[in-house]
Amino acid sequence: MFMKSMKRFLALLLFSTFLLFSLSPSLSAQAQSVWSENKKVTANGKTWNVQVVWTNLNDPTIRLETVVAKNQVGQVNSLKNIVDSTKTAEIQPLAGINGTFFNAYDATYQQPMGTILSKGKFLHLSTTGTTLGFDHNGKFTTSPLYVTIQGGINDQWEWPNNWYAWNVNHYYTDPTAISIFTPDYGTKTPPNNVTSVVVDKGVIVNIGTGQQTIPSDGYVIVTGNPTMLEKFKTGDTLMYQYKTFVNTFNPSTSTQKLDWSHIRTGLSAGPLLVKNGVPALNAKAEGFSEPKIISASAQRSFIGVTKNNQLAMGTVAGANMEDLTQIALQMGLIEAINLDGGASSGLYYKGSYLHTPGREISNALVVTKLQERPIKVLLNNQPIFFDVDPFIKKPENITLVPLRQIAEALGAVISYDAGTQQIRLDRGKDILYLKANSNQMTINGKTKQMATSIVSKNGRTMVPVRFVTEVFGGEVTWHEDTKTVGLKIDIVNIEELYAQALKLETSGNLEGAITKYLAILDANDQHLPSLRKLAEIYSKKQDHANTIYYYEKFLNIDKDDTGIWGSLGWSKLALQDFTGAAQAFLKQVELNPDSFQGYYGLGAVYSYYGNEDIAKAKSYFQKALEKGATGAQKNHAENYIQTK
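Model, not experiment: these values are computed from the prediction. (Residues numbered from 1 in each chain as written. Predicted model: local features only at pLDDT ≥ 70, side-chain atom pairs only at ≥ 80, totals over all residues. Heavy atoms only, no water.)

**Some details on the overall build of the protein**
Phase 1: In terms of helices and strands, the protein carries 16 helices and 38 strands.
Phase 2: Principal-axis analysis of the C-alpha atoms gives the protein an extent of 130 × 60 × 45 Å.
Phase 3: Taken across its 644 residues, the protein has 48% of its residues classed as buried.
Phase 4: Here the contacts in the protein between residues at least 6 apart in sequence split such that 60% fall between residues at least 24 apart.
Phase 5: Accessible area of the protein: about 30,400 Å², with a carbon and sulfur share of 51%. (Helix = DSSP H or I, 4+ residues; strand = E, 2+ residues; numbered from the N terminus. Buried < 20%, exposed > 50% of the residue type's maximum accessible area, 1.4 Å probe, protein only. Contact = heavy atoms within 4.5 Å. Areas by Shrake-Rupley, 256 points an atom, 1.4 Å probe, with all protein chains shown as cover.)

**With respect to the sheet that holds strand β37 (residues 475–479)**
Phase 1: Pairing in this open sheet of 4 strands is mixed, and the strands run β27-β26-β38-β37 from one edge to the other. Strand pairing shows two members of the sheet lacking a second neighbour, β27 (382–384) and β37, which therefore form its edges. Shown here is a sheet whose adjacent strand axes are inclined to one another by a mean of 30°, direction ignored.
Phase 2: Bridge count for β37 against strand β38 (residues 484–488) is 5 bridges, and the pairing is antiparallel. Within the sheet, the bridge partner assigned to Thr-477 lies in β38 and is Gly-486. (Pairing = 2+ DSSP bridges. Axes fitted to C-alpha atoms, helices over the stretch in contact; angles between N-to-C directions.)

**Thoughts on the pattern of salt bridges**
Phase 1: In this structure the tally under the stated criterion is 28 salt bridges.
Phase 2: Close ionic contact of Arg-63 with Asp-389 constitutes a salt bridge, the shortest N to O distance being 2.7 Å. Note that Arg-63 is positioned in strand β3 (residues 62–68) and Asp-389 in the loop between β27 and β28 (391–393), a separation of 326 residues in sequence.
Phase 3: Judged by its relative accessible area of 12%, Arg-63 falls in the buried class.
Phase 4: Residue classification places Asp-389 among the partly exposed residues on the basis of a relative accessible area of 26%. (Salt bridge = Lys/Arg side-chain N within 4 Å of Asp/Glu carboxyl O.)

**Quick look at the environment of Thr-244**
Phase 1: Locating Thr-244 in the fold gives a position in strand β16 (residues 238–246).
Phase 2: As for Thr-244 and Lys-257, which are separated by 13 residues in sequence, their C-alpha atoms are 6.1 Å apart.
Phase 3: For Thr-244, the residues in contact, after removing those within four places along its chain, are Phe-122, Leu-145, Tyr-146, Val-147, Lys-257, Leu-258, Asp-259 and Trp-260.
Phase 4: A distance of 2.5 Å separates a polar atom in the side chain of Thr-244 from the backbone oxygen of Leu-258. (Polar contact = N/O pair within 3.5 Å; in protein donor to acceptor, adjacent residues only side chain to side chain.)

**Topic: the sheet that holds strand β11 (residues 167–168)**
Sheets are built from strands paired through backbone hydrogen bonds, the pairs being either parallel or antiparallel.
Phase 1: Pairing within the open sheet is mixed, and its 5 strands lie in the order β11-β12-β15-β13-β14. Looking at which strands have only one partner, the edges of the open sheet turn out to be β11 and β14 (203–209).
Phase 2: Both strand β13 (residues 195–200) and β14 contribute to a ladder of 6 bridges, which runs antiparallel. Within β14, the position partnered with Val-197 by the bridge is Ile-207.

**Comments concerning the environment of Leu-272**
Phase 1: Mapped onto the elements, Leu-272 comes out in strand β18 (residues 272–275).
Phase 2: C-alpha of Leu-272 to C-alpha of Thr-325: the two residues are 53 residues apart in sequence and 8.7 Å apart in space.
Phase 3: Not counting residues within four places of it along the chain, the set of residues in contact with Leu-272 comprises Thr-130, Thr-142, Ala-280, Leu-281, Asn-282, Glu-286, Ala-336 and Ile-337.

**Brief notes about the pairing of strand β7 (residues 130–135)**
Phase 1: Taking burial as the measure, the 6 residues of β7 include 6 buried ones, the bulk of the element.
Phase 2: Here β7 shows a buried face lined by Thr-130, Leu-132 and Phe-134 and a second buried face lined by Thr-131, Gly-133 and Asp-135.
Phase 3: Across 6 bridges, β7 lies against strand β17 (residues 263–269) in antiparallel orientation. Bridging from a neighbouring strand, Thr-130 pairs with Ala-269 of β17.
Phase 4: Two strands pair when backbone bridges link them, and β7 and strand β8 (residues 140–143) are joined in this way by 4 bridges, in the antiparallel orientation. From the neighbouring strand, Leu-132 faces β8, where its bridge partner is Thr-142.

**Quick look at the packing of helix α8 (residues 494–506) against helix α9 (residues 510–523)**
Phase 1: Relative orientation of the contacting elements α8 and α9 amounts to 160°, with a least axis distance of 7 Å. Considering the angle they form, α8 stands roughly antiparallel to α9. Considering only the axes of α8 and α9, their crossing is left-handed. Contact residues: α8 offers Ile-494, Leu-497, Tyr-498, Gln-500, Ala-501, Leu-502, Leu-504 and Glu-505, while α9 offers Leu-510, Gly-512, Ala-513, Lys-516, Tyr-517, Ala-519, Ile-520 and Ala-523.
Phase 2: Residues belonging to the contact of α8 with α9 are distributed by class as follows: 12 nonpolar, 2 polar and 2 charged. (Parallel < 35°, antiparallel > 145°, perpendicular 65-115°, else oblique. Left-handed = near helix turned anticlockwise from the far one by under 90°. Nonpolar A, V, L, I, M, F, W, Y, C, P; charged D, E, K, R; others polar.)

**Observations concerning the packing of aromatic side chains**
Phase 1: In the structure shown here, the tally under the stated rule is 21 aromatic pairs.
Phase 2: Between Trp-163 and Tyr-240, the aromatic rings sit 6.2 Å apart at their centres with planes inclined by 65°, giving edge-to-face as the arrangement. Taken together, the residues Trp-163 in strand β10 (residues 162–165) and Tyr-240 in strand β16 connect sequence positions 77 residues apart.
Phase 3: Note on Trp-163: relative accessible area 3%, which makes it buried.
Phase 4: Taking the centre distance of 4.9 Å and the plane angle of 85° together, the rings of Tyr-549 and Tyr-550 count as edge-to-face.
Phase 5: Cluster of aromatic residues (ring-pair linked, three or more members): Phe-122, Trp-163, Tyr-219, Phe-232, Tyr-240 and Tyr-242. (Phe/Tyr/Trp six-rings, centres within 6.5 Å; stacked < 30°, edge-to-face > 60°.)

**Structural notes on α9**
Phase 1: For α9, with 14 residues, the first-to-last C-alpha span of 20 Å sits near the 20 Å given by 1.5 Å per residue.
Phase 2: Of the residues making up α9, those classed as buried are Leu-510, Gly-512, Ala-513, Ile-514, Tyr-517, Ile-520 and Leu-521.
Phase 3: Lining the buried residues of α9 we find α8, α10 (528–540) and α11 (544–557). (Expected span 1.5 Å × (residues − 1).)

The structure is reproduced here in structure tokens:
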């Protein structure tokens, strides 16, 4: 009995040992969060040899990065060098796969052909394919993404102070194209024969022709579009933002908003293979037309995720898109997308190629592992992404973040005074001054001390996130278990408020509209569209005093708006302020001497009962007729001249 029990025990031990050794590589690999596999997959009646790197996205120290070659959009390098370029004292690159398509056959402009999003910032845009993304928690997703660039001038986003661009860091041969070049492109714009608008620290510092130096804290707009160039002048404050929509692959219908603000890392490729666990292949609908993508068999690269949040990056030879879709499904991927393929296809893992690309490439997705869980910053529950990671300064245990990005996220406008070497932050009626390497700051004229000095890290000015937030009236919390800084502060969405005000005004609810416009001015007292709208509403209400008040506030900011000078003149005439009305119309004539409007206004001033000067009135009305007065104004001028 004892011998039988012993034999049974030894058999179980041997079987257990066999299981342990047969399963241990996989278990050991998964314990490392990133592991490789040469996987045999049967799909479409064929067995495929798939090289795969698996990544456990549940590990909070794992982070996916989109990386461009030589850290410049439009350059190329080996996949190995692109992966290795992410290595720092705190970051260890573990694996990488080639990313989106690029112009591989033009040695001059080997620029990407897909969207690239790095650390929450768009480096390049495309309208073709599907975009994959990783959010602030490392979760993988795919979406049809359409991105536009919308700009503003002097803190105004509405016409005539709005502008737009076609793309960022992309060279066009079309002279009417409008492209923004940032330091992510390099130190200079591409050579060109059109106009370059150079913006440094948010201000236009030069408007020149041809190739220009890109400011390290700015960008250059390159365009030959005359309508757009008329909007810009040296000294203007310029800004732009990205708007994200559901891509219908038709710009005129891509109008449904798509929230992409929580995505840190992304790029577009395609076609989409699998969505929600079912085949989703429709290459032509995503804008693809080349046979090498739609129907041909070739070397392929792909990426996808399982329901357990295990990421697969893989390469396979001789597959078409139908094959690749079935391979992804057989691997248990619930979302999967094709990446650039052919000679660009490559897979790199822990210092060695699992599949070597046949050429240098433009960009890659890189799996990195951090020494410790990164610090996340959530503003009103939305993530803020930084190009330099926040860190805890010892021994004070104070979290420091990049100044510009935290300031802009909090709704502050940042500028630099070269004379005093101070950094200025404007947020509503609050004005904050900071100085590099100092722990002193001034808020609304009062000097205070921060718990630690401002420091510089990797070329970024780093500030205490708690102090900067609280000084503007915000609240700060720290969550040790997730290494998350929670910020809570009231942020006025001027664009949203303005849209609400317009809707109320259109519906006839003038009082409601006034309330909204005033709320905008509380946040930004130089918002020209709101000043104009308030003046127009009070004009409708025959409240000429308020009409004049808001027109004059407008002109204190923009002294060159001829239409506003004319409107001011008519409002002052309504209150029989003849001197003020004449001055306003004279300014209108000075700014636009070829228009009849100012002359007609002056004629009205001097034909007004109680201020009549017939000679002057006739002279100005005659000038208005010479300048092309039309309609009722023409008839009135002619009648006055004939009857007086």
